[in-house]
Amino acid sequence: MKKNLFILLMLAVAGMTMSCEKEVVDGKNENGADNTTNAVENNNATEMAKFVGCWEYISVADEIDQFHSHTDYIFYFYENGDGYLTIDAYDKENLIRSMTRNSLTYWVENEKLYVNYGDDNPIEWEYRFQDNTLIMRSDMDEYNNTFVFTKTEDGDMRFIGDWSTMRADGEYYYDDHIKFVTPKDGFTYCNVYDNPNAAPIEEPSYPQWFKYTFDGDMLIMTNIDSATSTKKYYRFEGGKLYLSNSKDGIETCYSTIKK
């Protein structure tokens, strides 16, 4: 089932239709606008609002799997129709050994959920909500499995974005980035310049992915490759993010342009 769900989430199928469940009297409202279009938009907005948040499904490995203990699939659905998918496969020591990261867009039509990963071939899901769960099934699954996602606590959205700070070291300038892609996931990378007003002299460094949590006013970033943690005190001021190694230590200022 784990492989099945992975394929379903990452592949896409074509085919979308539109419908309206609300009654249309004469096709126009008092202002001459199309009632059918308005009804569809209103209905879709109501349904999409139900998806907003963080939804998690945990797949337990089969007994014959000697390497993995479980795989976590998390959908993040945001109010503007954007979202993010993370897939983390954990080993027997509960360390992440493989991962997938994908931005997405989503919408509701004809009582179906459509998820698109940017290739114009959305995956179509049948769905229903029950208590704190989102129950989903796709015709792409030849085994007709049903997947139950549980809504989890929403994270801190203030960090989402690509934050950077410039530092000089010898003849070069280093543009250090911390990019938070979900309320739990992010990565660091760096651009190198010989002139801060010119283009980088090499490709961005390989991204170092991490999971992040909080302890009061402390940000804890745990590197996925090494499982080592970096702890930073943080604060926001004037659209800037300030990080320091100690409570009263020297702060590094990060700036970003958010969507």
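Everything below is about the structure printed above this text.
Attention in this report is confined to the structure presented alongside it. (Residues numbered from 1 in each chain as written. Predicted model: local features only at pLDDT ≥ 70, side-chain atom pairs only at ≥ 80, totals over all residues. Heavy atoms only, no water.)

### What about the nonpolar core?
Defined as follows: Here, the term nonpolar core denotes a set of buried Ala, Val, Leu, Ile, Met, Phe, Trp, Tyr and Cys residues that are joined through side-chain atoms within 4.5 Å. For every residue, the accessible area (1.4 Å probe, protein chains only) is compared with the maximum for its type, and the residue is labelled buried under 20%, exposed over 50%, or partly exposed between those bounds. Any pair of residues with heavy atoms lying within 4.5 Å of one another is described as a contacting pair.
One finds Leu9, Phe75, Phe77, Leu113, Trp125 and Phe149 to be the most contacted residues of the largest nonpolar core, which totals 24 residues. With residues near it in sequence (within four places) discarded, Leu113 still touches Phe51, Phe77, Tyr106, Trp107, Val108, Ile123, Glu124, Trp125, Tyr127 and Met136. Core analysis: the next-biggest nonpolar cluster, separate from the first, contains 13 residues, Ile160, Trp163, Ile178 and Tyr212 among them.

### Points about the pairing of strand S13 (residues 218-223)
Rule in force here: Secondary structure elements are defined from DSSP: runs of H or I of at least 4 residues count as helices, runs of E of at least 2 residues count as strands, and each element is numbered from the N terminus. At least two DSSP bridges between two strands are needed for those strands to be called paired.
Summarising burial for S13: five of the six residues are buried, a large majority. When strand S12 (residues 208-215) meets S13, the two strands line up antiparallel, connected through six bridges. Bridging from a neighbouring strand, Phe214 pairs with Leu219 of S13. Hairpin connection from S12 to S13: two residues lie between these consecutive antiparallel strands, with Gly216 at a positive phi of about 65°. Sheet analysis places S13 next to strand S14 (residues 229-237), joined by five bridges and oriented antiparallel. Opposite Leu219, over in S14, you have Lys232 as the bridge partner. The hairpin turn running from S13 into S14, its antiparallel successor, is five residues long, and Ala227 in that turn takes a positive phi close to 65°.

### As for unusual backbone geometry
Outside of glycine, negative phi angles account for most residues, and trans bonds account for most peptide bonds. In the Ramachandran plot, Asn144 falls in the positive-phi region, its phi being about 60° despite a non-glycine side chain. Within the secondary structure, Asn144 sits in the loop between strand S7 (133-137) and strand S8 (147-152). The backbone phi angle of Ala227 is positive, close to 65°, even though this residue is not glycine. Its location among the elements puts Ala227 in the loop between S13 and S14. Ala227 gets classed as partly exposed once you look at its relative accessible area, which sits at 37%.

### Describing the sheet that holds strand S16 (residues 251-254)
Heads up, the rule is: With axes taken as lines fitted to C-alpha atoms, and helix axes fitted only over the stretch in contact, angles between N-to-C directions fall between 0 and 180 degrees.
Strand order in the open sheet formed by eight strands is S9-S10-S11-S12-S13-S14-S15-S16, and the pairing between neighbours is antiparallel. Two strands close off the open sheet at either side, each with one partner strand: strand S9 (161-169) and S16. Between one strand axis and the next, the sheet turns by 35° as a mean value, whatever way the strands run.

### A short note on the side chain of Asp88
Condition: We define a polar contact as two N or O atoms separated by no more than 3.5 Å, with the added condition that, inside protein, one atom must be a possible hydrogen donor and the other a possible acceptor, whereas residues neighbouring each other in sequence contribute only through side-chain atom pairs.
Relative to the assigned elements, Asp88 resides in strand S3 (residues 82-91). There is a polar contact of 2.9 Å between the side chain of Asp88 and the side chain of Arg101. Of the polar contacts made by the side chain of Asp88, one reaches the side chain of Lys211; its length is 2.7 Å.

### Some points on the side chain of Asn191
Relative to the helices and strands, Asn191 resides in strand S11 (residues 185-193). Beyond its immediate stretch of four places on either side in the chain, Asn191 contacts Tyr173, Tyr174, Asp175, His177, Pro200 and Pro204.

### Side note on the pairing of strand S1 (residues 53-60)
The element S1 is largely enclosed, with a buried count of six among its eight residues. Direction of pairing for S1 relative to strand S2 (residues 68-77): antiparallel, over a ladder of eight bridges. If you follow Ile58 over to S2, its bridge partner there is Asp72. Taken together, the three bridges between S1 and S8 define a ladder with antiparallel strand orientation. In the sheet register, Cys54 faces S8, and the bridge partner there is Thr152.

So far we have only geometry, and geometry alone does not tell us how the molecule works.
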